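# Structure assessment
Read off the chains here:
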Amino acid sequence: MSGTEYLRVSDLHAFYGESHILHGIDFTVRKGECISLLGRNGAGRTTTLRAIMGLTGKRTGSIMLNGREVINMASHRIAQLGVGYCPEERGIYSSLSCEENLLLPPQVGSGGMSLDELYEMFPNLKERRNSQGTRLSGGEQQMLAMARILRTGAKLLLLDEISEGLAPVIVQKLGEIIRTLKERDYTIVLVEQNFRFAAPLADRMFVVEHGQIAAEIAQHELQDKLPYLQEMLGV
Amino acid sequence: MTDFFGVPLPALFGQLVLGLVNGSFYAVLSLGLAVIFGMLNIINFAHGALYMMGALFTWMFMEYLGIGYWWSLVLAPLSVGIIGIAIERLLLQWLYKLDHLYGLLLTFGLALILEGFFRHLYGVAGQPYSIPDELSGAINLGFMFLPKYRAWIIFASLAVCLVTWYVIEKTRLGAYLRAATENPALTQAFGINVPLMVMLTYGFGVGLAGLAGVLAAPATQVGPLMGSNLIITVFAVVVIGGMGSILGSILTGLGLGLIEGLTKVFYPEASATVVFIIMAIVLMFRPAGLFGREK
Ligand SMILES: Nc1ncnc2c1ncn2[C@@H]1O[C@H](COP(=O)(O)OP(=O)(O)OP(=O)(O)O)[C@@H](O)[C@H]1O
Ligand SMILES: [Mg+2]
C-alpha cells in the first residue's frame, strides 16, 4: 500500500459554539484506501467528519484534500471537490420524495452510479420511489442516504454509522458495496460502532478518544491488538 | 332572475371580480412572503414598500424615460429584485442565525425608510397611470361587463402563482429550494451553493412584490403609501394560510379576496375587517394557519 495521500487531517480542532470538541485530530488516508474511525460514544468521530465537511463551528488546524487546503472553504466547495457525506442522522428530506432525495446531490465527479444501477442494488428504494422521504422505514432511509452519494461521482466517501440498525443481509450487502468501491479506487472513511462490520473492510483503524486519535491499528496487527481494542471500545 | 337576495346580479358579479382582483394581489404578495420566510427565516415587513416601488418604478419609467407598461412589466420587478439582492447582501445575511424578531424589525425599519424617501420625493398624493391601450375597455359577457384590465390582473397573477408553484414543487431547482429550506447545512454539504440560493430567493420573492406593484399601477393611485395600506391585510392572509405553504398562500389569498368582495355586497360595514375577524377565528382553532404545519 503505497498510494498517494488523498486526505490529511492535521492538528484538527473543532468547536460547537464554546464547546471545544476536537483536540488535535491527526490522520491520513491514501487514495483507494478504506480507514475506520472507532471509539466510544461521544468520542468525537461524527464531529471529525462534520469538521471535514465544514459543518461544525470554528475549526483550526489543517485538512488537505487531494493536495488542497480546505479548512477555510465553505462546505459546498468542499463537496464539489468530490466528497460524499452520509450523515449519522441520515438527513432524509421530508419535503422531497424518495427519488427526489436520491437525485438531489449534484454531480461532483465522473463515474458515479446510474439510477438504474442504484435501484438494482437497493430494490426497496425503487419500490418506494414516490413515497415521501421520511415515510421510508429507518433501514430504507439509511439505504437512501448511502445510495444518494454513490450517484454523484464523489471519490472520497465519509460514511457515518451506515450499518446501524440494518438487517444482517443488508449489512452484508453494504460490505460488498464497500469492497466494490475500494476496487474502483474510492477513498473511504468509515465511522463505525459495529466493529465486526468495519474490521474486515478497513485497511487501517484509528481509535478516537476525547477528541484525539488514541491509537492506529493496521489490518495485519488486528489479531494481536484485539484485546486492547476491546478494552478501548468497551465491547 | 336579475337579483340575488336583493342584490342585482351585475353588481354581485362586479364585486366578485373586484374580490378576485384583490385576492390576486394577496396571493402574489403572500406567495413571496412565504417563499422568503421558508428560505431565509425572515418575516419580510419591507414587502409592502417593495410592492410600492414596483408601482412607482412603472410610473417613473413612463414619466422620465417614456418606457411603457409592457417593458415595465419586466424591468420594474427586475429592478426591485436587484434592490432586494442588495438588501440581502448588505443587511439580511447577518441576521439568519438570530431570532425572527430581528429580521422583522430590520425589514420594518427598511419599509419606513423606503416609504419616507419616496414621500420626500413625491409627497403622499397618488399619481395616475393609464391602462395600456391593449387592455382598456371591457368585454361583454352577457350577464356583466368585465373590464379587460381586471381580467388581466387575475390572469397574470394566477399564471405567475402557478408557474412558481410548479417550479418549486415539480422541478429540480425546486427540489434544491425545498431541500435548502428544510436542512440548509446538509444541502450545502452536498455541493449546492445555498447562500447563493438564499440571495436569489429573496430577490425573486421581492421581485414578485414588484410585479404586483406593476399590475396595480393602472388600477390604483401610484403613491408612496400604497404598500403600507395593503401589507397589513396581506400579513393577515399569511397568518390565516400559514407560513411556509406555497399552495396554501395562493388559495388563501384568492379565497379571502372573494370573501371580502362578498362582504362588500352583503354587509359593507364589515368589509374592511372581515379578514381580521377570520384571522382571529383561525388562530383560535388552528394556530399554525389553515395550511401551516405545527412545529
Ligand atoms: N451540536 C453540538 N453541540 C455541542 N456539543 C456537541 C454537539 N454535537 C456533539 N457534541 C458533543 O461532542 C462530543 C463528540 O460527539 P460526536 O457526535 O462527535 O461523538 P461520536 O464519536 O460520533 O459518538 P456516537 O457514537 O455517540 O455517535 C460529545 O461529547 C457531544 O456531546
Ligand atoms: Mg457519531
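Counting restarts for each chain, with residues numbered from 1 along the sequence as it is written. Labels are handed out in written order, letters beginning with A for the chains and numbers beginning with 1 for the ligands. Two thresholds apply to this predicted model, a pLDDT of at least 70 for residue-level local features and 80 or more for giving and counting side-chain atom pairs, whereas whole-chain, interface and lining totals are computed over all residues. Remark: hydrogens and water are excluded; side-chain values derive from all non-hydrogen atoms of the structure.

With that out of the way, let us pick up the overall build of chain B. Each helix and strand counted, chain B has eleven helices and four strands in total. In terms of overall dimensions, chain B is globule-like: its C-alpha atoms have a radius of gyration of 19 Å, near the 19 Å expected for 295 residues. Residues classed as buried in chain B amount to 51% of the 295 residues present. Residue pairs at least 24 apart in sequence account for 75% of intrachain contacts in chain B once pairs closer than 6 positions are excluded. What sets the accessible areas is the Shrake-Rupley method with a 1.4 Å probe; for residues, cover comes only from the shown protein chains. Accessible area for chain B stands at about 13,600 Å²; split by element, carbon and sulfur atoms hold 71% of it. Only DSSP runs of H or I with at least four residues qualify as helices, and only runs of E with at least two residues qualify as strands; both kinds are numbered from the N terminus onward. Just to be clear, the radius of gyration here is over C-alpha atoms, and the globule rule we use is 2.2 Å times residues to the power 0.38. Accessibility here uses a 1.4 Å probe with only protein chains present; expressed as a share of the type maximum, an area under 20% marks a residue as buried, one over 50% as exposed, and anything in between as partly exposed. In what follows, a contact means two residues having at least one pair of non-hydrogen atoms within 4.5 Å.

A pocket here means an open set of points on a 1 Å grid, computed over the protein atoms alone, that has protein on both sides within 12 Å along at least five of seven lines. A cavity is instead a set of points where a 1.4 Å probe fits but cannot get out; residues with an atom within 4 Å of a point line either one. Grid points are joined across faces, edges and corners, and a volume is the space filled by probe spheres set on the points. Applying the stated criterion to the full structure yields one cavity of 30 Å³ or more. Looking at the largest cavity, the residues that line it are V83(A), G84(A), Y85(A), P105(A), P106(A), V108(A), I149(A), T152(A), A189(B) and F190(B). At three residues, the largest contribution of residues to the lining of the largest cavity is made by strand 6 (residues 83-86) of chain A. Each residue receives one of three labels: charged for Asp, Glu, Lys and Arg, nonpolar for Ala, Val, Leu, Ile, Met, Phe, Trp, Tyr, Cys and Pro, and polar for the others, Gly being one of them. Tallied by class, residues from the lining of the largest cavity come to eight nonpolar, two polar and no charged.

Take the pattern of salt bridges next. All names here are of chain A. What makes a salt bridge here is a side-chain nitrogen of Lys or Arg within 4 Å of a carboxyl oxygen of Asp or Glu, nothing more. The tally for this structure, following the rule as stated, stands at 13 salt bridges over all chains. R204 is the partner of E33 in a salt bridge, and the nearest nitrogen-oxygen pair spans 2.7 Å. With E33 in the loop between strand 2 (19-30) and strand 3 (34-39) and R204 in strand 9 (residues 204-209), this residue pair connects regions lying 171 residues apart in the sequence. Residue classification places E33 among the buried residues on the basis of a relative accessible area of 1%. The structure contains a network of salt bridges with shared partners spanning R30, E33, R204 and E216.

All names here are of chain B. Roughly 450 Å³ of volume is contained in the second largest pocket. Along its surface, the second largest pocket is lined by 24 residues, and N22, Y51, T220, M226 and L230 are the ones closest to its centre. Of all the secondary-structure elements, those providing two or more residues to the lining of the second largest pocket are helix 1 (9-40), helix 9 (226-241) and helix 10 (246-266). Counting residues per element, the lining of the second largest pocket draws most heavily on helix 1, at five residues. Classifying every residue of the lining of the second largest pocket by side-chain character gives 13 nonpolar, eight polar and three charged.

Here the focus is the sheet that holds strand 5 (residues 68-69) of chain A. Strand pairing in a sheet relies on backbone hydrogen bonds. The paired strands run either parallel or antiparallel. All names here are of chain A. Strand pairing is defined by DSSP finding a minimum of two bridges between the two strands. Read across the sheet, four strands follow the order 2-1-4-5 without closing on themselves; strand pairing throughout is antiparallel. Taken across any chain shown, the strands that pair with only one partner, and hence form the sheet edges, are strand 2 and strand 5. Pairing analysis gives two bridges linking strand 4 (residues 59-65) to strand 5, with the strands arranged antiparallel. Along strand 5, the bridge assignment pairs M64 with E69.

The next thing to look at is the coordination of the magnesium ion (ligand 2). The rule for donors is simple: an N, O or S atom within 2.8 Å of the metal counts, and for Na, K and Ca the reach is 3.2 Å. Water is not among the atoms, so a site may look short of donors. All of the protein donors around the magnesium ion (ligand 2) are T46(A) (OG1), E88(A) (OE) and E88(A) (OE); their distances to the metal are 1.9 to 2.7 Å. Of the two residues, T46(A) sits in helix 1 (residues 45-52) while E88(A) sits in the loop between strand 6 and helix 3 (98-103), which places them 42 residues apart along the sequence.

The subject of this paragraph is the domain arrangement of chain A. Residue and element names in this part refer to chain A. For chain A, the assigned domains read domain 1 (1-82 + 157-165 + 186-235) and domain 2 (89-154). Inter-centroid distance (C-alpha atoms) of domain 1 to domain 2 is 24 Å. Contacts between domain 1 and domain 2 engage eleven residues on the former and nine residues on the latter. Overall, the association of domain 1 and domain 2 removes approximately 860 Å² of surface from exposure, summing both partners, and the carbon and sulfur fraction of that is 53%. An automatic or database domain assignment supplies the start and end points of every domain. Accessible area that two parts lose when put together, with a 1.4 Å probe and added across both, is what the buried area reports.

In this section: the packing of helix 9 of chain B against helix 10 of chain B. For any two helices packed against each other, the geometry comes down to the angle between their axes and how far apart the axes lie. All names here are of chain B. Here helix 9 crosses helix 10 at 120°, and the two axes come no closer than 9 Å. The orientation of helix 9 with respect to helix 10, classified from their angle, is oblique. In this structure, helix 9 crosses over helix 10, and the sense of that crossing is right-handed. For the pair helix 9 and helix 10, contact is made by T233, V237, I240 and G241 and by T252, G253, L256 and E260, respectively. The class makeup of the residues in the contact of helix 9 with helix 10 is three nonpolar, four polar and one charged. In this analysis an axis means a line fitted to C-alpha atoms, helices contributing only their contacting stretch, and an angle means the value between N-to-C directions, from 0 to 180 degrees. When an angle is under 35 degrees it counts as roughly parallel; over 145 it counts as roughly antiparallel; between 65 and 115 it counts as roughly perpendicular; any other value is oblique. Two helices that cross are described as forming a left-handed crossing if the nearer one is turned anticlockwise from the farther one by less than a right angle, and a right-handed crossing if clockwise.

So, on to the environment of I162(A). All names here are of chain A. By secondary structure assignment, the location of I162 is in the loop between strand 7 (156-160) and helix 7 (168-183). The spacing of I162 and I35 is 127 residues in sequence and 14 Å in space, taken between C-alpha atoms. Beyond its immediate stretch of four places on either side in the chain, I162 contacts C86, R90, Q142, M146, L174, I178, L190, E192 and F197.

A few words now on the site of ligand 1. Residue and element names in this part refer to chain A. Neighbouring ligand 1 are 13 residues, the closest being N41, R45, T46, T47 and E88. Any pair of nitrogen or oxygen atoms within 3.5 Å is treated as a polar contact; in protein, a donor-acceptor pairing is required on top of that, and neighbouring residues in sequence qualify only through side-chain atoms on both sides. Here G42 contributes a backbone N or O atom positioned 2.8 Å from an oxygen atom of ligand 1. Burial of ligand 1 by the surrounding chains reaches 60%, relative to a free accessible area of 630 Å². When residues of the shell around ligand 1 are assigned to their parent elements, the largest contribution, three residues, is made by helix 1. Residues belonging to the shell around ligand 1 are distributed by class as follows: three nonpolar, six polar and four charged. By convention in these notes, a residue is near a molecule or strand provided one of its non-hydrogen atoms lies within 4 Å of it.

What follows concerns the nonpolar core. Counting 174 residues, the largest nonpolar core has L7(A), F27(A), L159(A) and L190(A) as the members making the most contacts within it. A total of 14 residues in this core trace back to one element, the largest contributor, which is helix 1 of chain B. Taken domain by domain, the makeup of this core includes at least three residues from each of domain 1 (1-82 + 157-165 + 186-235) and domain 2 (89-154) of chain A. Working definition of a nonpolar core: buried Ala, Val, Leu, Ile, Met, Phe, Trp, Tyr and Cys residues. They are joined through side-chain atoms within 4.5 Å.

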